[in-house]
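# A structural walkthrough
Chain by chain, the residues run as shown.
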Amino acid sequence: MRLRNIPGSREAIAENNYCIPETEPPKGQWHSIFGNNNPIHIEIGMGKGKFIMALAKRNPQINYVGIEKYSSVLLRGLQKLEEEPLENIRFIRMDAEDICDMFDKNEVERIYLNFSDPWPKDRHAKRRLTSHQFFALYQQILKSNGIVEFKTDNIGLFDFSLEEVKEAGWKLDAFTRDLHHDQTMNQGNIMTEYEERFSAKGNPICKLIASR
């Protein structure tokens, strides 16, 4: 279960230099934030940050932005980052539907979606981060060759996502229903906290890669 209510978490986040205030969106100015013109990759729903921090450590030539809705969860990521600082990463506490307020057109090269909330009820389908409504938002901030990578252990959500890629008019570049046994797609894979937990239970991990 996610921790969603740690007293003082919002105040701690606001005072942290690694966290960008959502009230001061640096739309179109991310290269100034990082002090370079390196590519920008983002993770929506970063959780405690294990995945994106591992990416940032592995790829110092890429700038990473982790987005998390819950301040108490984001605080855990900030605590980890303070233990092992990385200059090519920043965090934001915000809702995913506001992403176009935070990033400008053509400002992002890649988006990672990992074990997103499945929103199982049909009436909530548009809230799923792989709905065609969200793909329309991603298209506004991604470069022309921009990519979305999505991982989940939820078969129903994965089937829905495959259809939504087509509905959004995107190209499905690759997909697998058993990532850890797919030699090609599993190459260089970094597991999230959820991925480690689900795969340990024997759940197959699904992954898709889609491009504009």
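Before going further, it helps to spend a moment on the nonpolar core. Of all hydrophobic cores here, the largest spans 37 residues; its most connected members are Ile-42, Ile-44, Phe-103, Ile-111 and Tyr-138. Not counting the four nearest positions on each side in its chain, Tyr-138 is found in contact with Ile-44, Ile-111, Leu-113, Leu-129, Val-148 and Trp-170. Tyr-18, Met-46, Tyr-64 and Leu-86 belong to the second-largest nonpolar core, a separate cluster that totals 19 residues.

A word on the environment of Cys-100. Within the secondary structure, Cys-100 is located in helix H5 (residues 99–102). For Cys-100, the residues in contact, after removing those within four places along its chain, are Lys-27, Leu-137, Gln-140 and Ile-141.

Let's shift gears to the state of the cysteines. Under the criterion given, the structure shown has 0 disulfides. With no disulfide of its own, Cys-100 has Cys-19 as its nearest cysteine by sulfur position, at a separation of 19 Å. Judged by its relative accessible area of 14%, Cys-100 is buried.

Once that is clear, we can look at the packing of aromatic side chains. Centre distance and the angle of the planes are the two values used to describe a pair of aromatic rings. Under the definition given, this model contains 8 aromatic pairs. For the ring pair Phe-135 and Tyr-138, a centre distance of 5.8 Å and an interplane angle of 75° mean the geometry is edge-to-face. Remark: Tyr-138 and Phe-135 occur in helix H6 (residues 132–141); sequence separation between them is 3 residues, near one turn of the helix. Its relative accessible area of 0% is what places Tyr-138 among the buried residues. Here the aromatic residues Phe-134, Phe-135, Tyr-138 and Trp-170 are joined through ring pairs into a cluster of three or more.

Below, the discussion takes up helix H3 (residues 50–58). What H3 keeps buried is the set Phe-51, Ile-52, Met-53, Leu-55 and Ala-56. The elements touched by buried residues of H3 are strand E1 (40–44), strand E2 (63–68), helix H4 (71–83), strand E3 (89–93), strand E4 (108–114) and strand E5 (142–152).

Turning to its location among the elements, Lys-69 is positioned in the loop between E2 and H4. In this structure the C-alpha to C-alpha distance between Lys-69 and Ile-44, which are 25 residues apart in sequence, comes to 8.9 Å. Each residue touching Lys-69, except ones within four places of it in the same chain, is listed here: Arg-93, Met-94 and Asp-95.

So, on to the sheet that holds E4. The strand order across the open sheet formed by 7 strands is E3-E2-E1-E4-E5-E7-E6, and the pairing between neighbours is mixed. Two strands close off the open sheet at either side, each with one partner strand: E3 and strand E6 (171–176). Averaged over all adjacent pairs, the angle separating strand axes in this sheet is 15°, with direction ignored. Bridging between E1 and E2 involves 5 bridges; their strand directions are parallel. Bridge assignment links Glu-43 to a residue of E2, and that residue is Gly-66. This element, H6, spans E1, E4 and E5 of the sheet and lies at about 140° to E5.

Glycine aside, the phi torsion of most residues is negative, and most peptide linkages are trans. Even without glycine at this site, Asn-106 takes up a positive phi of about 65°. Along the chain, Asn-106 turns up in the loop between H5 and E4. Given the relative accessible area of 35%, Asn-106 is considered partly exposed. You will see that Phe-115, though not glycine, has its phi angle at about 50°, which is positive. Position of Phe-115 relative to the elements: it lies in the loop between E4 and H6. Take Phe-115: its relative accessible area is 9%, and that puts it in the buried class.

This paragraph deals with the side chain of Glu-149. If you trace the backbone, Glu-149 turns up in strand E5. Assessed through its relative accessible area of 12%, Glu-149 is described here as buried. A distance of 2.5 Å separates polar atoms of two side chains, one belonging to Glu-149 and the other to Arg-110. Reaching out from Glu-149, the side chain makes a polar contact with the side chain of Lys-207 at a distance of 3.1 Å. Apart from residues lying up to four places away in sequence, Glu-149 is in contact with Arg-110, Ile-111, Tyr-112, Leu-113, Lys-207, Leu-208 and Ile-209.

About the criteria used
Residues numbered from 1 in each chain as written. Predicted model: local features only at pLDDT ≥ 70, side-chain atom pairs only at ≥ 80, totals over all residues. Heavy atoms only, no water. Core = buried A, V, L, I, M, F, W, Y, C linked by side-chain atoms within 4.5 Å. Buried < 20%, exposed > 50% of the residue type's maximum accessible area, 1.4 Å probe, protein only. Contact = heavy atoms within 4.5 Å. Helix = DSSP H or I, 4+ residues; strand = E, 2+ residues; numbered from the N terminus. Disulfide = S-S within 2.5 Å. Phe/Tyr/Trp six-rings, centres within 6.5 Å; stacked < 30°, edge-to-face > 60°. Pairing = 2+ DSSP bridges. Axes fitted to C-alpha atoms, helices over the stretch in contact; angles between N-to-C directions. Polar contact = N/O pair within 3.5 Å; in protein donor to acceptor, adjacent residues only side chain to side chain.

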